[in-house]
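Topology and contacts: notes
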Amino acid sequence: MTYIMGFVIAVPTENKEAYREMADTAAGVFKKHGALSVVEAWGDNVPEGKLTSFPMAVKLEPGETVVFSWIVWPSKEVLETGNMAAMNELEDTGVMAAHLFDGKRMIFGGFETIVEA
């Protein structure tokens, strides 16, 4: 079964195109280092919850949009080596532009696939 790294972030809405360009470049780097696929999804219908929600989780501010992303890896082992190599390459080349979003409010984690249909 595959292994998933998931991310939820708040991105200033005005940075949508710059974020999309950065994410497209980063996707190629992650795939070069073993990722099977990369998905970046721009929030379109992400309601504010009463107890919890994506906007609450990332402390969404006015003028921001929730982005939900995931990277599919063939295994946790491939992720561990490939992700580190990809992140190093992205940092070395300046692709990961810190000005596009507040990384301190990013939620991320690794997930073992238990059903894949």
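Before reading on, note that the structure itself is shown above.
Residues numbered from 1 in each chain as written. Predicted model: local features only at pLDDT ≥ 70, side-chain atom pairs only at ≥ 80, totals over all residues. Heavy atoms only, no water.

1. Some points on the overall build of the chain
- A count of helical and extended segments in the chain gives 3 helices and 4 strands.
- Ordered by position in the sequence, the α and β elements of the chain form the string β-α-β-α-β-α-β.
- Taken over C-alpha atoms, the radius of gyration comes to 15 Å for the chain, in line with the 13 Å a tight globule of 117 residues would show.
- If one aligns the C-alpha atoms of the chain with their principal axes, the spans along those axes are about 40 × 35 × 20 Å. (Helix = DSSP H or I, 4+ residues; strand = E, 2+ residues; numbered from the N terminus. Rg over C-alpha atoms; globule rule 2.2 N^0.38 Å.)

2. Side note on the packing of aromatic side chains
- In this structure the tally under the stated criterion is 4 aromatic pairs.
- Between Tyr 19 and Phe 101 the ring centres are 6.0 Å apart and the planes differ by 75 degrees, which places this aromatic pair in the edge-to-face class. Placement of Tyr 19 in helix α1 (residues 16-32) and of Phe 101 in the loop between α3 (76-93) and β4 (107-112) is noted, with a sequence separation of 82 residues between them. There is no split in this pair, since Tyr 19 and Phe 101 are both buried.
- Seen from their ring centres, Phe 68 and Trp 70 are 5.2 Å apart, and the 50 degrees between their planes marks the pair as tilted.
- We classify Trp 70 as partly exposed; its relative accessible area is 27%.
- Grouped by ring-pair contacts, the aromatic residues Phe 54, Phe 68 and Trp 70 constitute a single cluster. (Phe/Tyr/Trp six-rings, centres within 6.5 Å; stacked < 30°, edge-to-face > 60°. Buried < 20%, exposed > 50% of the residue type's maximum accessible area, 1.4 Å probe, protein only.)

3. Notes on α1
- In a regular helix each residue adds 1.5 Å, so 17 residues correspond to 24 Å; α1 covers 24 Å between its end C-alpha atoms and thus fits that length.
- Each element contacted by the buried residues of α1 is listed here: β1 (3-12), β2 (37-42), β3 (64-73) and α3.
- Once α1 finishes, Gly 34 follows within two positions and takes phi at roughly 110 degrees, a positive value. (Expected span 1.5 Å × (residues − 1). Contact = heavy atoms within 4.5 Å.)

4. Observations concerning the packing of α1 against α3
- Two numbers describe how α1 lies on α3: the axes approach to 8 Å, and their chain directions differ by 140 degrees. In terms of orientation, α1 and α3 fall into the oblique class. Judged by the twist between their axes, the crossing of α1 over α3 is right-handed. In this structure, α1 uses Ala 26, Val 29, Phe 30 and Lys 32 to contact α3, whose residues at the interface are Asn 83, Ala 86, Met 87, Glu 89 and Leu 90.
- The residue inventory of the contact of α1 with α3, partitioned by class, reads 6 nonpolar, 1 polar and 2 charged. (Axes fitted to C-alpha atoms, helices over the stretch in contact; angles between N-to-C directions. Parallel < 35°, antiparallel > 145°, perpendicular 65-115°, else oblique. Left-handed = near helix turned anticlockwise from the far one by under 90°. Nonpolar A, V, L, I, M, F, W, Y, C, P; charged D, E, K, R; others polar.)

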